[in-house]
Amino acid sequence: MKIGAITIGQAPREDVTCDVLPFLGEGVILLQAGGLDGLSKEEIAQFQPEQGDYVLISKLQDGTSVVFAEKYILPKLQSCIGRLEEQGAQLILFFCTGRFPDCFKSRVPLIFPYKLLNAVVPLLTPNSSIGVITPKPEQILQAGEKWEKLVRNVKVLAASPYGDPKELLQAAEQMRREPVDLIVLDCIGYNAAMKKEVEALSGKPVVLSRTLLARIAGEMTGCGCQAENAAREP
């Protein structure tokens, strides 16, 4: 089975697929495309967000991260969908937890992490109180506005998965003192090792977007149980 994966930055995102592929099964071929593929840093610099823009962050092929406004890449993401469909993708995953408008056309299912998080997280918090860690300070307001529609109490902190690791550790320590039931790492850039660190320092359960996405995709491919079985092997 061929599965497509779209990053809003530049493909391939091997830093993400290392946590995703184990849930998809050995027979799955993962095809990748990126919204910023083929663009120079000078061209991407023109996508800087202005006041009121929905802010996104992702990685380039050289390993650096960039911040840009969602509105500039929507047509490019539609082009990614078309390319992956032409290559035979039967399912397309979005490697981004950002909230996207319902503007994309596709002949195959599109799986957005933000929709999974929105549906699952409120079910996991008995007191309707969560902590959210998002990459950049300029994303705190938009993250708060999103989650406040889904749960009663939200505490949002910023700590980039692409920056100084101390930021995430400090955020985890602060979350320990917050009256939240669980923590959401609200960016596809956070990895499984970061999840374990945040759990250890905060003492709270942590929801990792990339593995939630991978588990659901594994259900669609029929291979999701393989990663679970492997994890239980001595």
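Residues numbered from 1 in each chain as written. Predicted model: local features only at pLDDT ≥ 70, side-chain atom pairs only at ≥ 80, totals over all residues. Heavy atoms only, no water.

Before going further, it helps to spend a moment on unusual backbone geometry. Following Ala 11, the chain continues to Pro 12 via a peptide bond in cis, the omega torsion being 0 degrees. When you line up the elements, Pro 12 lands in the loop between strand E1 (2-7) and helix H1 (14-20). The residue Ser 128 is not glycine, and still its phi comes out positive at about 50 degrees. Looking at where Ser 128 falls in the secondary structure, it is placed in the loop between helix H4 (113-124) and strand E7 (129-134). According to the relative accessible area criterion, Ser 128 is buried, its value standing at 14%. (Helix = DSSP H or I, 4+ residues; strand = E, 2+ residues; numbered from the N terminus. Buried < 20%, exposed > 50% of the residue type's maximum accessible area, 1.4 Å probe, protein only.)

Reading across from one edge, E8-E7-E9-E10 is the order of the four strands in this open sheet, with parallel pairing throughout. Each edge of the open sheet carries a strand with a single partner, namely strand E8 (153-158) and strand E10 (206-208). Averaged over all pairs of adjacent strands, the angle between their axes in this sheet comes to 25 degrees, without regard to strand direction. As paired strands, E7 and strand E9 (residues 182-185) are joined by four bridges and run parallel to one another. Its bridge partner being in E9, Val 132 is matched across the sheet by Val 184. Sheet contacts for H4: E7, E9 and E10; angle to E9, the most-contacted strand, approximately 165 degrees. (Pairing = 2+ DSSP bridges. Axes fitted to C-alpha atoms, helices over the stretch in contact; angles between N-to-C directions. Contact = heavy atoms within 4.5 Å.)

Turning to the domain arrangement of the chain, a few remarks are in order. Structurally, the chain comprises domain 1 (1-111 + 213-219) and domain 2 (114-207). Once you take the C-alpha centre of each, domain 1 and domain 2 turn out to be 22 Å apart. With both chains or domains summed, domain 1 and domain 2 bury close to 1600 Å², and 64% of this area falls on carbon and sulfur atoms. Of all residues in domain 1, Val 55, Ile 57 and Thr 97 give up the largest surface area on contact with domain 2, accounting jointly for 38% of the area buried on that side. Applying the counting criterion to the domain 1 and domain 2 interface returns one salt bridge. Counting residues per element, the ones that place at least two in the side of domain 1 that touches domain 2 are H1, strand E3 (55-59), strand E4 (65-69) and helix H8 (209-221). Split by residue class, the side of domain 1 that touches domain 2 holds twelve nonpolar, four polar and seven charged. (Domains from an automatic or database assignment. Buried area = accessible area lost by both parts, 1.4 Å probe. Salt bridge = Lys/Arg side-chain N within 4 Å of Asp/Glu carboxyl O. Nonpolar A, V, L, I, M, F, W, Y, C, P; charged D, E, K, R; others polar.)

Along the chain, Arg 210 turns up in helix H8. Residue classification places Arg 210 among the buried positions, given a relative accessible area of 0%. Here the side chain of Arg 210 touches Asp 15 through a polar contact of 2.7 Å, landing on its backbone oxygen. Here the side chain of Arg 210 touches Gly 189 through a polar contact of 3.2 Å, landing on its backbone oxygen. Beyond its immediate chain neighbours, meaning those up to four positions away, Arg 210 contacts Asp 15, Val 16, Cys 18, Asp 19, Val 20, Ile 188, Gly 189, Tyr 190 and Asn 191. (Polar contact = N/O pair within 3.5 Å; in protein donor to acceptor, adjacent residues only side chain to side chain.)

For the rest of this paragraph, the subject is the confidence of the model for the chain. Across the chain, the average pLDDT comes to 94, with 95% of residues at 70 or higher. Ignoring residues within four places in sequence, the model shows residues 224-234, a span with pLDDT below 50, making nine contacts including any to other chains. (pLDDT = per-residue confidence, 0-100.)

On to helix H3 (residues 74-86). Along its 13 residues, H3 runs 19 Å from first to last C-alpha, staying within 8% of the 18 Å computed at 1.5 Å per residue. Within H3 the residues assigned to the buried category are Leu 74, Leu 77, Cys 80, Ile 81, Leu 84 and Glu 85. In a view along the axis of H3, the buried residues occupy a sector of 130 degrees, so they form one face of it. Turned more than 90 degrees from where H3 packs its buried face, Pro 75 and Glu 86 sit exposed. Residues of H3 that are buried in the fold lie against E1, strand E2 (29-34), strand E5 (92-95) and strand E6 (110-111). (Expected span 1.5 Å × (residues − 1). Arc of directions from axis to C-beta.)

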